[in-house]
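Analysis of the macromolecular model
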Amino acid sequence: MPQYPESPLMGQMMSQPLLISNIIRHADRYYGKSEIVSRRVEGDIHRYTYTDCHKRSRQLAKALANMGIKMGDRVASIAWNGYRHLEAYYAVSGSGAVLHTINPRLFPEQIAYMVNHAEDQYVLFDMNFLPIIEAIAPHCSTVKGFVMLCGREHMPAASKLDNLLCYEELIAASSDDYEWPQFDENSASSLCYTSGTTGHPKGALYSHRSTLLHSYASAMPDGLNVSARDTVLPVVPMFHVNAWGLPYSVPLVGAKMVFPGPAMDGKSLYELFEQEQVTFSAGVPTIWMGLLTYVAQNNLTFSSFKRTVIGGSACPPSMMKTLRHQYGIEVVHAWGMTEMSPLGTACTLSVRQAALPEDAKQAILEKQGHVIFGVDMKIVGDDGRELPWDGKTYGNLLVKGPWVISSYFKDEGGDVLEDGWFPTGDVATIDADGYMQITDRSKDVIKSGGEWISTIELENIAMSHPAVQQAACIGVLHPKWDERPLLVVVKKPGAEVSKEELIQFYDGKIAKWWTPDDIAFVEALPIGATGKILKNKMREQFKDHKLPIA
Ligand code: AMP
């Protein structure tokens, strides 16, 4: 990290480190009675307050210290959005250790890889993930114990694991006379792996400082716009980029928090929105599709829901219009990435733009939006030269800022910055008012339901089949999941293999939902001048391809 010179005259204000524990202490002290409501994996609704959450977070921090967890140690979580997961957010990071949030939808081998790479000491998990834990445990050499996030009554009578612990017992056995330690704000706080297009997943290692600055900035009116007058339901999972920072920014402003747990279907979400009078939510487009279908089918309306942030993949304009015009819900289109904590831009209108005709306003709102202060962005050509902000010229999008990654955990991938800027891998335009729009992404990963599928992994497996000469995978539009994989295959001369055989070939090699939906056989793939397959050409060729809908 660069060092900056000191001035001969330094400021004389208090120097207080920006620490994650400050947030929960603040929420307890100033918004102690604000509620946290959770739909639990157990099936019931749990409610308590920020004061309760702070108390139990300190008890957990003390328990972790007794278990030998020290500053910088990694503790993993594999859990849905819920109050116990929130306690882990504060207890682990607040005590100086690092919370490694893991996506349970990944294949067990990938999870085991990440646990080993991160050298996790303990893994906290929701009880419905016990089968995953039992599958990975023999391969996780650094893990001293697996902590099931439940009470004794839900612990299994028998388990393959000899180091299985009960979360509620750990909390009960631990007092709350625990003082949050003070340390350098640049210390690591949490770790989230991003699945790259090549090789293994790489870890984005956030710091207390980056997290606090992101929390302040993202809460601003032209960001997520959360305040003490809101009831917030984060649909975006706490196992992916810290649920866009909401577990920090919501307690920071003292808003009521509502966690959906594992029940992400339209009906369960709608019930929670209405029962708890949710005003604000955030998530990927797929989730809103399920909720809107349920609401339309049952002729329902929202009585409190006012605003939602949609990002993670492009929000379809039709969805934005339905939410705005039919239900009166303001939609803020946002863009970011794991490497950016994640928020980079959000799309809200200035006074001047708000006075424009409806069509012109809608056209702006469909863009990914304006940076929030702290993030700087630019578009460059392949030669690295900055391109104009005319809303038409597109180029590689680069960003910088205090919550943007400077290098991956354990320096995987080496030096990732270009002249101090992080290349996002996205291709975008920027207009004269500074509104950015993603036109494409240079990486070829497929986004299915807001989750990534690595095309290279799918291709490598296909190419290990004896009848396959060449294979390339692209995303094809899907009505429910946004995109699904289509595998395009060139067979070896004289060799035979059917679609069904190839699809079956994936069984047991990857997570089931990664399996290509369809296979197309071709004579040859389009190859560019440097010998690379031209996936943009393939996308054009297969743009009207109809996937078999299961
Ligand atoms: P992740 O790190 O998994 O959050 O994925 C980040 C990537 O998702 C970005 O680099 C974009 O390619 C894509 N992305 C995120 N938000 C949007 C959006 N609003 N529109 C289009 N693509 C998006």
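Notes on the structure follow.

Rules behind the numbers
- Residues numbered from 1 in each chain as written.
- Predicted model: local features only at pLDDT ≥ 70, side-chain atom pairs only at ≥ 80, totals over all residues.
- Heavy atoms only, no water.
- Buried < 20%, exposed > 50% of the residue type's maximum accessible area, 1.4 Å probe, protein only.
- Helix = DSSP H or I, 4+ residues; strand = E, 2+ residues; numbered from the N terminus.
- Pairing = 2+ DSSP bridges.
- Right-handed = clockwise from strand over helix to strand, strands pointing away.
- Contact = heavy atoms within 4.5 Å.
- Axes fitted to C-alpha atoms, helices over the stretch in contact; angles between N-to-C directions.
- Phe/Tyr/Trp six-rings, centres within 6.5 Å; stacked < 30°, edge-to-face > 60°.
- Lys NZ or Arg CZ within 6 Å of the ring centre and 35° of its normal.
- Salt bridge = Lys/Arg side-chain N within 4 Å of Asp/Glu carboxyl O.

Burial along strand β4 (residues 98-101) is two-sided: the residues Val98 and His100 and Leu99 and Thr101 are all buried. Two elements, strand β3 (residues 74-78) and β4, share four bridges in a ladder whose sense is parallel. Bridge assignment links valine 75 to a residue of β4, and that residue is leucine 99. In the classification by handedness, the crossover that spans β3, the intervening helix α3 (residues 83-94) and the parallel β4 is right-handed. As paired strands, β4 and strand β8 (residues 188-194) are joined by three bridges and run parallel to one another. Residue threonine 101 lies in a different strand from β8, and its bridge partner there is cysteine 192.

Here we come to the sheet that holds strand β14 (residues 330-336). If you trace the nine strands from one edge of the open sheet to the other, you get β2-β1-β11-β10-β12-β13-β14-β15-β16, paired in mixed fashion. Looking along the sheet, the strands with just one partner apiece sit at the ends: β2 (45-49) and β16 (370-371). Packed on one face of the sheet, helix α12 (residues 317-326) meets β13 (307-310) and β14 and runs near 145° to β14.

If you trace the seven strands from one edge of the open sheet to the other, you get β7-β6-β5-β3-β4-β8-β9, paired in mixed fashion. On the outer flanks of this sheet lie β7 (164-166) and β9 (202-207), each paired with one strand and no other. Direction aside, neighbouring strands of the sheet carry axes that sit 25° apart on average. Examined bridge by bridge, strand β6 (residues 145-148) and β7 share three bridges and lie parallel to one another. Looking across to β7, one finds that valine 147 is bridged to leucine 165.

Looking now at the packing of aromatic side chains. Enumeration according to the criterion identifies 15 aromatic pairs in this entry. Look at phenylalanine 302 and phenylalanine 305: their rings are 5.2 Å apart centre to centre, the planes differ by 75°, and that puts the pair in the edge-to-face class. For phenylalanine 302, a relative accessible area of 12% translates into the label buried. You can call phenylalanine 305 buried: its relative accessible area is 4%. Grouping aromatic residues by their ring pairs yields a cluster made of Tyr270, Phe273, Trp288, Tyr294, Phe302, Phe305 and Tyr327. Lysine 202 extends its terminal NZ or CZ atom over the ring of tyrosine 408, reaching a point 5.0 Å from the ring centre. Over the ring of phenylalanine 505 we find lysine 509; its NZ or CZ atom is 3.7 Å from the centre of that ring.

Counted by the stated rule, this structure contains 30 salt bridges. Where aspartate 73 meets lysine 70, a salt bridge forms, and the shortest distance between an N and an O atom there is 3.6 Å. The salt bridge involving arginine 84 is made with glutamate 168; its shortest N-O contact spans 2.8 Å. Taken together, the residues span a long stretch of sequence, with arginine 84 in helix α3 and glutamate 168 in helix α6 (residues 167-172) at a distance of 84 residues.

Attention now moves to helix α7 (residues 208-218). Judged by how many residues are buried, α7 sits mostly within the fold: eight of eleven residues are covered. For α7, every residue scored as buried is listed here: His208, Ser210, Thr211, Leu212, His214, Ser215, Ala217 and Ser218.

On the secondary structure map, glycine 434 appears in the loop between β19 (422-430) and β20 (436-441). For the pair glycine 434 and phenylalanine 409, spaced 25 residues apart in the sequence, the C-alpha separation amounts to 32 Å. Those residues in contact with glycine 434 that sit more than four places away from it in its chain are Gly369, His370, Met377 and Trp389.

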